[in-house]
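Examination of the molecular architecture
Each chain, letter by letter, is given below.
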Amino acid sequence: MRILGIESSSLVASVAIVEDDITMAEFTADFKKTHSQTLLPMIDDMVKLLGIELSTVDAIAVSGGPGSFTGLRIGSATAKGLGLALDKPLIHVPTLDATAYNLYGADALICPIMDARRNQVYTGVYRFREEFEILREQDAMDMGELLEVLNGLGEPVIFLGDGVPVFKGQIRERLTVPFSFAPAHVNRQRAAAVAALGARYFAEGKMESSDDHRPDYLRKSQAEREREEREAKEGGR
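First things first, this report covers the structure right here in the doc. (Residues numbered from 1 in each chain as written. Predicted model: local features only at pLDDT ≥ 70, side-chain atom pairs only at ≥ 80, totals over all residues. Heavy atoms only, no water.)

1. Some details on the sheet that holds strand β3 (residues 22–30)
Strand order in this open sheet of five strands is β3-β2-β1-β4-β5, and the pairing throughout is mixed. Unpaired on one side and paired on the other, β3 and β5 (90–93) mark the two borders of the sheet. On average, each strand axis in the sheet is tilted by 15° relative to the strand beside it, whichever way the strands run. Bridge analysis of strand β4 (residues 59–63) against β5 gives four bridges, and the strand direction is parallel. Along β5, the bridge assignment pairs I60 with L90. With respect to the sheet, helix α2 (residues 69–86) is in contact with β1 (2–7), β4 and β5, its orientation differing from that of β4 by roughly 175°. Sheet contacts for helix α6 (residues 191–203): β1, β2 (12–19), β3, β4 and β5; angle to β1, the most-contacted strand, approximately 130°. (Pairing = 2+ DSSP bridges. Helix = DSSP H or I, 4+ residues; strand = E, 2+ residues; numbered from the N terminus. Axes fitted to C-alpha atoms, helices over the stretch in contact; angles between N-to-C directions. Contact = heavy atoms within 4.5 Å.)

Below, the structure is given as structure tokens:
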């Protein structure tokens, strides 16, 4: 089974091809460049390097959110376009599930956090020893509330994700259970994890057509929230 993985939910742009238990290739970059400029050239370079046709993939796994609204839209559009052109199914992989999937065999709870602004994070809680377990499904919540939840669970925690640099101070001040931060090679989103988890979903029949795929933003965009706040103020005059 050969799966193309696409990850664009944050500043990280990542593509990979995973075949069975082997990552054939992965191209990941974490820099401020629009994903519309990077994803397709990265995929093209990757298949040329491997000497294969993109049409040989069985499915396209895409990081389906939450995350950057622009990044998710670009990743979704890329996956949908390729799915239509190649006549391949899509696999919607929740972003935080795939991020946690990096830490196979971790002897602690896994807590990916993405900065959602205003002291909010996109997060979930996972365990991944022999089997991948979702203890708390991905959601948007206040960072203080998350720390209370983790303290209540009473187990060591490993944090990863782009929210770590933002909230490291709060974690150190308020968390009462043992904790650590994942190292550089596994502390951000990776397309290989999207593809590997996507392969599991594919085997379970969890696929969708290009027409049916929609990113899961979990909450309204900042522009939508600001517009609603403006309208509420104007309506209260």
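The structure having been displayed, the exposition proceeds.
2. Focus: unusual backbone geometry
Leaving glycine aside, a negative phi is the common case for residues, and trans is the common case for peptide bonds. Cis geometry marks the peptide bond from G65 to P66; its omega dihedral reads 10°. Structurally, P66 is set in the loop between β4 and α2.

3. Digging into the pattern of salt bridges
What the rule picks out here adds up to seven salt bridges. For the salt bridge of R129 with D107, the shortest nitrogen-to-oxygen distance reads 3.6 Å. Taken as a pair, R129 in the loop between β7 (120–128) and β8 (132–142) and D107 in the loop between α3 (95–100) and β6 (109–115) lie far apart in primary sequence, 22 residues in all. Across the pair R117 and D115 runs a salt bridge whose closest N-O atoms are separated by 3.9 Å. (Salt bridge = Lys/Arg side-chain N within 4 Å of Asp/Glu carboxyl O.)

4. Considering the packing of helix α1 (residues 35–50) against α2
Closest axis-to-axis distance for the α1/α2 pair is 10 Å, and the angle between their directions is 35°. Crossing geometry of α1 relative to α2 is assigned as right-handed. Between α1, through H35, S36, L39, L40 and I43, and α2, the contact on the second element is made entirely by G71, I74, G75, T78 and L82. (Left-handed = near helix turned anticlockwise from the far one by under 90°.)

5. Considering helix α4 (residues 143–153)
Among the residues of α4, M143, G144, L146, L147 and L150 are the ones counted as buried. Projected down its long axis, α4 carries its buried residues within an arc of 155°, all on one side. Seen from the open side of α4, the exposed residues pointing more than 90 degrees away from its buried face are E148 and G152. Elements in contact with the buried residues of α4: β6, β7, β8, β9 (157–160) and α5 (164–174). One side-chain oxygen of the residue at the start of α4 lies 2.9 Å from the amide nitrogen of G144, identifying that residue as D142. A positive phi of about 70° marks G154, the residue just after α4. (Buried < 20%, exposed > 50% of the residue type's maximum accessible area, 1.4 Å probe, protein only. Arc of directions from axis to C-beta. Polar contact = N/O pair within 3.5 Å; in protein donor to acceptor, adjacent residues only side chain to side chain.)

6. Digging into the pairing of β4
Judged by how many residues are buried, β4 sits mostly within the fold: five of five residues are covered. Taking every second residue as pointing to the same face, both faces of β4 are buried, with A59, A61 and S63 on one and I60 and V62 on the other. As judged from the four bridges shared by β1 and β4, these two strands associate in the parallel manner. For I6, the partnering residue across the bridge sits in β4 and is V62. Considered for its hand, the β-α-β crossover made up of β4, α2 and β5 is right-handed. (Right-handed = clockwise from strand over helix to strand, strands pointing away.)

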